[in-house]
Amino acid sequence: MQIFKSWMQKKPSVKTVAFWNMMGSLVNAAVSVLLLMMVTRTLGDEKAGIFSLGFSVSLMMLTVGMFEVRPFQSTDIYKQFSFSAYFTFRILTCAGMLLVTAVYLLFNGYSGEKAWVIVLLCLLKCTEAFCDVFNGQAQQNDRLDVAGFSLSVRVFVYCAGFLVSLLVTKNLLISCGVMVVLTLLWLTLFDAGTGKYFEKCRIVWDKTALFGLFKSCFPLFLASFLMMYINNAPKFAVDAHLSAEYQTYYGIIFMPASVINLFSLFAFRPLLTKLTAFWNEHKCKAFLSTVAKLVLWILAVTAAALLGGWLLGIPLLSLLYGTDLSAFKSELMVVLAGGGFNALCVLLYYMITVQRKQKYVLIGYVGASVTAWILGDRMVSAYGMMGASLTYLLSVTLLCLLFVFIFIGVLANRKKGEKQVG
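A. Region of interest: the overall build of the protein chain. Of regular secondary structure, the protein chain possesses 15 helices and zero strands. Relative to the compact-globule value of 22 Å for 422 residues, the protein chain shows a C-alpha radius of gyration of 22 Å, a close match. Per-residue burial for the protein chain yields a buried fraction of 51% across its 422 residues. Sequence separation of 24 or more characterises 83% of the internal contacts of the protein chain that already satisfy a separation of 6 or more. Surface accessibility of the protein chain: about 19800 Å² in total, with carbon and sulfur atoms responsible for 69%. Placing the 34 positive and 19 negative side-chain charges of the protein chain at their respective mean positions leaves the two points 11 Å apart.

Here it is, written out as structure tokens:
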């Protein structure tokens, strides 16, 4: 305990903060890849399909539990809301998450192993949502290293426990339960423990504070939920029209698309402060020049991913996951193209946020979500795996186009206003 106390009281170096922040981001991006690989190699394609669907549902439900409070909490440096308010609000959002999960299961008529896998994975993500409110508290107190360390070690611990359980029991439900238990232990022993060094929490029913958090975070939550739905709509259609192993195949070929987004985030997140300064100081040429360079970077990463996917993608993925994917080369290329458009969507989302017009992004998300909902069942029932891949590509392409129109519209309005002032 003394070592733990001295670590919490010691001011971290910039390198330490950067290292653990990067580790947390990488581990968080890789966890779904690693878990699906473990299930595929240990239990086969059918069980992996059930797990892939369950994990996708849990990620969508996690947006309800998180409610996009973390960005608001971590930047609340003047303590507009107490940590007790954030903690109480997280209790409410996690209760809402479990309620939505139950409604989702009843609406889709899931039962047996598939239903229990979804329940356990949603419980895992619910527990992680509670961990996140403490991690947000650490970041709010300028200890991003603590938050990154917690995320990195927590994921490593429950992945290791999941793998050992799979190898010993060969039972997916038991192994998912092990992850929940290990995460609960980490929440109790580490995250709640670190929180005591910043501010002790208690449940407070301050209606003004709770409604203030809801009002501040609801637009961001809705955008996050719809984006998650857009990404997962093809998987839901696959579950409705194809056998379980196809869920595994689609989950595997979808993984490389997230790599494009990861490399894109590494490029433009460090430039957000500079871009905000350019926009606020009316340096339009510098702003547009930087955005253009970031677009070119995304296009280059996407081109590299498409080339690598064409030459090595299917053999490498087949080797890693121990399953034959040779029939899905064209689908992989379509999904990778969709990954490029998705990365452009994320960039434009941030740029529209810099322009302080983020309320308009909901127009794009609603339009793309409706498109994904309409296309999903029809495309998958008609074209199978290619239909799922095309649903993803068309949805994110539409979202990208809508964001482009919004971005250009905001620029045009600013230039018009500057001319009138001049």
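B. Representation of the layout of surface pockets in the model. Roughly 370 Å³ of volume is contained in the second largest pocket. Looking at the second largest pocket, it is lined by 15 residues, and the ones nearest its centre are Asn-108, Tyr-229, Phe-236, Trp-373 and Asp-377. Taken together, the elements giving at least two residues each to the lining of the second largest pocket come down to α5 (83–108), α9 (207–241) and α14 (361–383). Broken down by element, the lining of the second largest pocket gets its largest block of residues, six residues, from α9.

C. How the structure looks around a nonpolar patch on the surface. A surface patch of nonpolar side chains, about 750 Å² in accessible area, is lined by Leu-307, Trp-310, Leu-311, Leu-312, Leu-316, Leu-319 and Leu-320. As for its placement among the helices and strands, Leu-311 is situated in helix α12 (residues 284–321). Taking the relative accessible area as the measure of exposure, Leu-311 reaches 55% and is therefore exposed.

D. Representation of the nonpolar core in the model. By size, the foremost hydrophobic cluster in this structure holds 83 residues, and its most contacted members are Leu-35, Phe-51, Phe-162, Tyr-365 and Phe-403. If you tally residues by element for this core, the top one is helix α13 (residues 329–354), at 13 residues. Counting residues in each nonpolar core, the second largest holds 38 residues, with Phe-67, Tyr-86, Phe-87 and Cys-126 among its members.

E. Examining the packing of aromatic side chains more closely. Within this structure, the stated rule accounts for 32 aromatic pairs. The ring of Trp-310 has Lys-329 sitting right over it, with the charged end atom 3.7 Å from the ring centre.

F. Region of the structure containing the side chain of Thr-391. Mapped onto the secondary structure, Thr-391 falls in helix α15 (residues 385–421). Setting aside its immediate chain neighbours within four residues, Thr-391 contacts Pro-234, Ala-372, Leu-375, Gly-376 and Met-379.

G. Highlighting the packing of α9 against α14. Across the interface, α9 lies against α14 with an axial gap of 8 Å and an inter-helix angle of 5 degrees. Classified by the interaxial angle, the pair formed by α9 and α14 is roughly parallel. A per-class count over the contact of α9 with α14 returns 20 nonpolar, four polar and one charged.

H. Inspection of the packing of helix α2 (residues 14–43) against helix α7 (residues 144–169) at higher detail. Contact pair α2 / α7: the axes reach a minimum separation of 7 Å and the direction vectors enclose 15 degrees. The angle between α2 and α7 falls in the class roughly parallel. The crossing of α2 and α7 is left-handed. Counted by class, the contact of α2 with α7 contains 19 nonpolar, seven polar and one charged residues.

Conventions adopted
Residues numbered from 1 in each chain as written. Predicted model: local features only at pLDDT ≥ 70, side-chain atom pairs only at ≥ 80, totals over all residues. Heavy atoms only, no water. Helix = DSSP H or I, 4+ residues; strand = E, 2+ residues; numbered from the N terminus. Rg over C-alpha atoms; globule rule 2.2 N^0.38 Å. Buried < 20%, exposed > 50% of the residue type's maximum accessible area, 1.4 Å probe, protein only. Contact = heavy atoms within 4.5 Å. Areas by Shrake-Rupley, 256 points an atom, 1.4 Å probe, with all protein chains shown as cover. Lys, Arg positive; Asp, Glu negative; His and termini not counted. Charge placed at Lys NZ, Arg CZ, Asp CG, Glu CD. 1 Å grid on protein atoms, 1.4 Å probe; cavity = no way out; pocket = protein on both sides within 12 Å on 5 of 7 lines; lining within 4 Å. Points joined across faces, edges and corners; volume = space filled by probe spheres on them. Patch = residues over 30% accessible without salt bridge, like charges linked within 9 Å, V, L, I, M, F, W, Y side chains within 5 Å. Salt bridge = Lys/Arg side-chain N within 4 Å of Asp/Glu carboxyl O. Core = buried A, V, L, I, M, F, W, Y, C linked by side-chain atoms within 4.5 Å. Phe/Tyr/Trp six-rings, centres within 6.5 Å; stacked < 30°, edge-to-face > 60°. Lys NZ or Arg CZ within 6 Å of the ring centre and 35° of its normal. Axes fitted to C-alpha atoms, helices over the stretch in contact; angles between N-to-C directions. Parallel < 35°, antiparallel > 145°, perpendicular 65-115°, else oblique. Nonpolar A, V, L, I, M, F, W, Y, C, P; charged D, E, K, R; others polar. Left-handed = near helix turned anticlockwise from the far one by under 90°.

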